[in-house]
Structure formats: structure tokens, C-alpha cells
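Here is what each chain is made of, one letter per residue.
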Amino acid sequence: MSILQVNHLQKKYGEQEIIKDIGFQIQQGEFSALLGPNGAGKTTIIKMLIGITKPSGGQILFQGERHDRKRPFIGYLPQHPTFYSWMTGKELLTFLGRLSDIDQESLEQRMHELLELVGLSKAKNKRIGTYSGGMKQRLGIAQALIHQPKLLIMDEPVSALDPLGRRDMLELLKSIKQNTTILFSTHILHDAEELSDKILILNQGELLFSGTLHQVLESHQQPIFIIQAPRVHEWAPKLVNENIVESIDPTGCFVKVRVKDIASGRIWLLDRIRSLQLPIQKFELVQESLEDIFIRMVR
Amino acid sequence: MHYGYSIGIEELWKWLPLLIPFLILHLILLVVALRDLLRRDLSTEYRLIWTAIIVFVSLFGPILYFILGRKDR
Amino acid sequence: MNHLSVLLKKEWLEASRSYKLLWFPVVFMFLGIIQPLSSYYLPQILELAGGLPEGVNIALPQITAEDVLASTVTNQFDQLGLLVIVIGMMSIVVSDKDNGMLTFILTRNASLGEYLLGKWIGQAAIVAGAVATGMLIAGLYTSYLYSFVPLSRIVAGLGVYYTWCLFMVTLTLLMGSLLSRSSGVAVVSLFVLIFLKVATALGSGFQIMNPAHLTNHAVHIMISGSALPHFMTTAAVTLLLIVVFLILSHFYLSRKELPAS
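Treat the numbers as computed from the prediction; the structure is a model and nothing was measured. (Residues numbered from 1 in each chain as written. Chains lettered and ligands numbered in written order. Predicted model: local features only at pLDDT ≥ 70, side-chain atom pairs only at ≥ 80, totals over all residues.)

**So, the overall build of chain C**
Working step 1: Across its full length, chain C carries ten helices and zero strands.
Working step 2: Listed by position from the N terminus, the elements making up chain C come as α-α-α-α-α-α-α-α-α-α.
Working step 3: When its C-alpha atoms are laid out on the principal axes, chain C stretches across 70 × 40 × 35 Å.
Working step 4: Within the span of chain C, comprising 261 residues, buried residues form 45% of the whole.
Working step 5: For chain C, the proportion of contacts with a sequence separation of at least 24, taken over those separated by at least 6, is 81%. (Helix = DSSP H or I, 4+ residues; strand = E, 2+ residues; numbered from the N terminus. Buried ≥ 20, exposed ≤ 12 C-beta atoms within 10 Å, placed from the backbone. Contact = placed C-beta atoms within 7 Å.)

Below, the structure written as C-alpha cells:
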């Protein structure tokens, strides 16, 4: 059964349509990534899911039902959690836990487990003002999980962290993914790829794709040729041929060429390399990476 | 400008008990503000400026610090 | 109302961590000491500053204990005290809106009403403590330097004056809900409060509707033991405005799109 079902969700600010008729589902135990470039509407969707922004149309169902108060179902971690810098980590968890109606006894127990899980047991009695960005983010995870929500929603949980904090966070997310259903937004494909079972690709308020990583590759992956030779920008434009070549993408020291038909494309490209007398270092046929697909889709 | 000697020492004695609560309150504010300032992880420059304000702006120096100086960066 | 106690506990912790529990009462204690002390020693202070020139003779009016208490309220509490209340309260809602804590609290089970009520009660309690201590100190000094003032009159005057303080707190809370910068909150609140205060000097009929007029009632109670005419009207209007401000804050915040972080 699906934990979250979104049907025809819309959001307009005046004339401007931020979210255009979006629908998706999240099943129990799934780890889904809402992937899209900045400004695609990720945060707006999340705000509607957690109930602080009212949708202009459509419905959001939790376990098949509409709820005006979605709070018990959801744990939420915002993009830049600041909290109260004058509180200690433990005080914050107590405060928010009590506001979620957890009784004192089970709260103590739960706090102990969570602080252990996010690695803040030693810092629990320090003021949050002294925490690093990564520690605040991990405290954010702990507060989002304190009331044992059915669904954990995170807005860009790793994007703002330094490489070390990022690594810690990814490890932490992997460890909680076993027993939590998670939806998180990111503009970094690599994070989505590393963590999630399912991705929702969003661009300009439209859902371009939703499914497993495997399905993305299966349905959208195309083979491309990679040609490597010195002075890319000089010869890359000479590969244009409307009948055979679909797109040319020069990146750094090589060129990615997408062709309409593999067999004839290969012969034509090799011919071209010979006639241009390119001192090629590499010529290979590979499958598109997820990033190639993502970039192709959001362009 | 000859203030200072028109008032006798016995006059001052009469004032003192009334001024003591005032001085004690001021001292408490001063100590608490300075202790807080020194305990926080701040740049030397920031600390010096606020120490000067707390100590030399009489009466309201510590209060200014509590209102403005403790803003979280 | 279980959430309310959690929110109040948080307000208390915040007030003590930010030293507000210390400096707020201390400021009002200062203000309470200054007036009796300076009135009493004014002749000597004048002398200390060089004395009066030959031939000039200022007949200092005979000041009574009641006068001193009255001017403590009008000259100290209603000026510097008012400023301190507004500045101390200016960022209470604004900072929660800015740093996303309000969103956080509301994505829990607490309601907006509980949140606002928690803020309001918390701040009102701090101001109550501060104003009462200040008044008590002023009473002690006045009784010692001048003559004994009946405690019942001080308490009654204080109660009336506190209603006006409650108005200040609620107005600042409302501005905090409406505006997004604490400096703006302070400026607008001070402007309104000082305007009301200045308007009391005009003394015309509409004063009975002016919350700032409560100060005059309080002063009159301390001096004579009874309030000015139409006290009930002024008090009722003030309490009504307080309720309206709270409802307005709730109404505005519940419709506003809160930042997600």
C-alpha cells in the first residue's frame, strides 16, 4: 500500500504556475529522491506535503486518506535548519518531542537511541550554537525521527555540507533507510543515485519521470560515442551531419556524440576521423550515464 | 567648577546605604555581562569593543550588551 | 493545553539563557531607585553642581511621597521603561519566523494559538515581574526618604499600570507577527505607543478611550486612593484591544506563507 499518494497537485502564485499537475506515489520502505535543478519547484512541493503551504489544486493522500493534520505522519528536515542556538541538542529534542505528544518516559528512550544513531551522544549537552553545519543537519535528522513518523521528508539534506559532513550524512541516511520511508529533494544527481531506489525528476514544475533508477536507464538510456583527441573545440564542430548525428556535446578533452543509428553512425564517424586525420586517443561506444540522461531531460 | 569639596564626608555616609543597592545591581550586571562575553567564542576585536562598552558606558553598558551584543552571528 | 506548558517552559529557558530574567527587572529597579533618590537629593545635587548664583532663589516645591511614586511611573517607567519593553520584545516572533522555528513548532502538534499564547504569557510574566520589582523598590525608597505609602495603593496603582504594560507587550507581539524585521517592529510599536502617550497630554474627552491614559489612572490611585472618572471604560477598551491584537496576530500568521527554512 502506498504511504503517500499525490494526485494532480498544482500550485499557482497569481498567474504564475509553479507546480503543474503533478502525480506520484511513494510505497512503504522506499527511498525516493525528488531530483531537479534549482527553481524546479522541489521546495514548493515539500511545503505542500508537510502542510505549511496550501495547494491550488489536487490532493495529497496519506495511507489512502486525506488529513488536515499531517503532522503525526511526517518527519521534516528543512534545507537550512538553524534551531535555537541557545538550546542544547538534548533540550531541542525534548522540546520538539513534547510538542509531538510523546510522553516523557518513551521520549528519554527514543532520544538516547537517536543521539546514538546520529552520533551526537557526546555533544548532546552542548549549545546548538557551537555545532558545525553537519552536526546541525544530523540533529535535524534526529528531531525529524523523534516521533517515529511514517515518512521522513528532507529538503536538500546534503547540498550545503562540506565534503566530510556530506559523507557522514550519506552514511547516516543509508543506515536509517532500512526501516524508514524517505523522500528527499536534491539538485545533485550523484546523491540521488547513491541513495535512492526511486527518483522523481522535476523540471520547471513538471514531473518528467518517476520510477526506479533501473527504469530510468532502461527507458531513457541511449548509446553514445566518446571520441578523445587533443584540441576538442577545433574539430568538434566538423562532426555536424544532420542525417546521422543527433547531438554533439564537447566536454573537456573529449566529445560525446549521439547518433541516430549505431551501425551507420560508427562507419561515418570513423570515416570522418580518418579524413580529418584526428590523432585520436580514444574511440568508444558506451551507454549514457544517469547524468547524461538527467541533463538531456532538463535541458 | 568646584564640585567635590562642597560636600562633606558625613554627607556621603548618609548617601551610601541608599546607593549600595544601586551599586550592587550594577556590579551584578557588569560581572554577568563580562563573564558571558569572555565565555563566548568571539574575535578579540569584538571582545575589546564590548568590554569597553560594558565597563565604561555606566549603567547601560551591560544592558546594551545583552540587547545588541549577544545577537547570534 | 499540555503544549502550552512545554512552550512556556521554553520561553522561560530562553529568557534565562538570554539574561532577560536578570536585566529586565534590574532596569526597572534602577528606574525605581532613580526617581525617589534624585527628588530627595535635588537640592544637594544642585549645590554640588556649583550652587545657584547669588540672588536666584528657586523655591523647590514641597514633594510628597505620592508625588514621587507618581513621577516614577510617568517619568521613568513610561519613558525608558516603555523603550526597554519594546526593545526587549521586538524580536520575539520575528526571529522565530526568520530561522524557521515557527514552521518547526507548527509542523509538530502544537497549534498557532498555543504558540502565540505561550509567547504572550511568557513575555507578560517577565514584564510583570520587572515592573512589580521596580515599583516595590520605588515604594521602599520613597517610604524611607519621605513617608510611608500604603502598600495597598501601590499594588492597586501597579495593577492598573500593568494593564497598560500588557497593551505594550501585545502591540509589540502583533507588530512582530505582521512585520518581518525587528527594527521595523520596534519603530512602529514605539511610534504608536509614544503617540498614545503624547495624546494623553491633550486631555480632551477621547482620553477615556486611550490605553495610555491608564498611567494617569494609576497615578491618581497612588496619590488619592481612587481612579479618575471613566476608569472602567479605559480599562475595558484596553483589554478589548489586547484581545483584538491577539486575534489579529493569529489571523495574519495563519494566512501567511511561512518560509520552509
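Having put the structure on the table, let's press on.
**Topic: the domain arrangement of chain A**
Residues and elements named next belong to chain A.
Working step 1: Annotation of chain A at the domain level lists domain 1 (2-218) and domain 2 (221-298).
Working step 2: Taking only C-alpha atoms into account, the centre of domain 1 sits 40 Å from that of domain 2.
Working step 3: With twelve residues of domain 1 in contact, the opposing surface of domain 2 contributes seven residues.
Working step 4: Within the residue set of the side of domain 1 that touches domain 2, elements represented by two or more residues are α6 (189-195), β8 (198-203), β9 (206-212) and α7 (213-220). (Domains from an automatic or database assignment.)

**Brief notes about the sheet that holds strand β11 (residues 245-251) of chain A**
What holds strands together in a sheet is hydrogen bonding between their backbones, with the strands either parallel or antiparallel.
All names here are of chain A.
Working step 1: Taken in spatial order, the four strands of this open sheet run β11-β12-β10-β13, and their pairing is antiparallel. Looking at strand neighbours, the two that pair on one side only are β11 and β13 (282-287), the edges of this open sheet. The average angle at which neighbouring strand axes cross in this sheet is 20 degrees, direction not considered.
Working step 2: As paired elements, β11 and strand β12 (residues 254-259) share six bridges and run antiparallel to each other. (Pairing = 2+ DSSP bridges. Axes fitted to C-alpha atoms, helices over the stretch in contact; angles between N-to-C directions.)

**Looking at the packing of helix α1 (residues 2-17) of chain C against helix α6 (residues 112-145) of chain C**
Residues and elements named next belong to chain C.
Working step 1: As a packed pair, α1 and α6 sit with axes 9 Å apart at the nearest point and diverge in direction by 45 degrees. It follows that α1 is oblique to α6 by the angle criterion. Crossing geometry of α1 relative to α6 is assigned as right-handed. Two secondary-structure elements touch here, α1 through H3, L4, L7, L8, E11, W12 and A15 and α6 through E114, Y115, L117, G118, K119, I121, G122 and I126. (Parallel < 35°, antiparallel > 145°, perpendicular 65-115°, else oblique. Left-handed = near helix turned anticlockwise from the far one by under 90°.)

**Things to note about the pairing of strand β2 (residues 16-27) of chain A**
Residues and elements named next belong to chain A.
Working step 1: For strand β1 (residues 2-13) and β2, the ladder comprises eight bridges, and the chain directions are antiparallel. Each residue of the ladder has a partner; that of K11, found in β2, is I19.
Working step 2: Hairpin connection between β1 and β2: a loop of two residues separates the two successive antiparallel strands, and G14 in this loop has a positive phi of roughly 65 degrees.

**Notes on the interface of chain C and chain A**
As a measure of interface size, the accessible area lost when the parts come together is often cited.
Working step 1: Each partner contributes to the interface: chain C provides 21 residues, whereas chain A provides 23 residues.
Working step 2: For the side of chain C that touches chain A, the secondary structure elements donating two or more residues are α1 and α5 (101-106) of chain C.
Working step 3: Here the residues of the side of chain C that touches chain A sort into eight nonpolar, eight polar and five charged. (Nonpolar A, V, L, I, M, F, W, Y, C, P; charged D, E, K, R; others polar.)

**Re the nonpolar core**
Working step 1: Core analysis: the biggest nonpolar cluster contains 145 residues, and A142 and I153 of chain A together with M168 of chain C have the highest contact counts within it.
Working step 2: Top contributing element to this core by residue count: helix α7 (residues 151-178) of chain C, with 14 residues.
Working step 3: Every residue in contact with I153 of chain A, bar those within four places of it in the chain, is listed here: I46, L49, I50, I74, G75, Y76 and L183 of chain A.
Working step 4: In terms of nonpolar packing, the next biggest core, distinct from the first, is built from nine residues, L239, F254, V259 and L269 of chain A among them. (Core = buried A, V, L, I, M, F, W, Y, C linked by C-beta atoms within 7 Å.)

**Quick look at the environment of V155 of chain C**
All names here are of chain C.
Working step 1: On the secondary structure map, V155 appears in helix α7.
Working step 2: The class for V155 is partly exposed, based on 15 C-beta atoms found within 10 Å.
Working step 3: Placed 20 residues apart in sequence, V155 and M135 show a C-alpha to C-alpha distance of 8.8 Å.

**What about the sheet that holds strand β7 (residues 181-186) of chain A?**
Residues and elements named next belong to chain A.
Working step 1: Sheet architecture is open: six strands sit in the order β5-β6-β7-β3-β8-β9, paired in mixed fashion. The two strands at the open ends of the sheet, each matched to only one other strand, are β5 (74-77) and β9. Averaged over all neighbouring strand pairs, the angle between strand axes comes to 15 degrees, with direction disregarded.
Working step 2: Note: strand β3 (residues 31-35) against β7, five bridges, orientation parallel. Within the sheet, the bridge partner assigned to F31 lies in β7 and is I182.
Working step 3: Docked against the sheet, helix α4 (residues 133-145) engages β5 and β6 (151-155), running at close to 165 degrees with respect to β5.
Working step 4: Relative to β8, helix α10 (residues 290-298) is tilted by about 30 degrees, and along the sheet it contacts β8 and β9.

**What about helix α2 (residues 89-99) of chain A?**
Working step 1: Buried residues dominate α2 of chain A, accounting for eleven of its eleven residues.
Working step 2: Listed as buried for α2 of chain A are G89, K90, E91, L92, L93, T94, F95, L96, G97, R98 and L99 of chain A.

**Some details on the environment of L29 of chain B**
Working step 1: Of note, L29 of chain B is situated in helix α1 (residues 9-39).
Working step 2: Taking the C-alpha atoms as reference, L29 of chain B lies 7.6 Å from I63 of chain B; in sequence the two are 34 residues apart.
Working step 3: Apart from residues no more than four positions distant in its own chain, L29 of chain B is found in contact with P62 and I63 of chain B together with W23 and V26 of chain C.

**Considering helix α10 (residues 231-255) of chain C**
All names here are of chain C.
Working step 1: Over its 25 residues, α10 runs 36 Å from end to end, which matches the ideal 36 Å to within 8%, given 1.5 Å per residue.
Working step 2: Among the residues of α10, T234, A235, T238, I242, F245, S249 and L253 are the ones counted as buried.
Working step 3: Of the surrounding secondary structure, the elements contacted by the buried residues of α10 are α6, α7 and α9 (214-224). (Expected span 1.5 Å × (residues − 1).)

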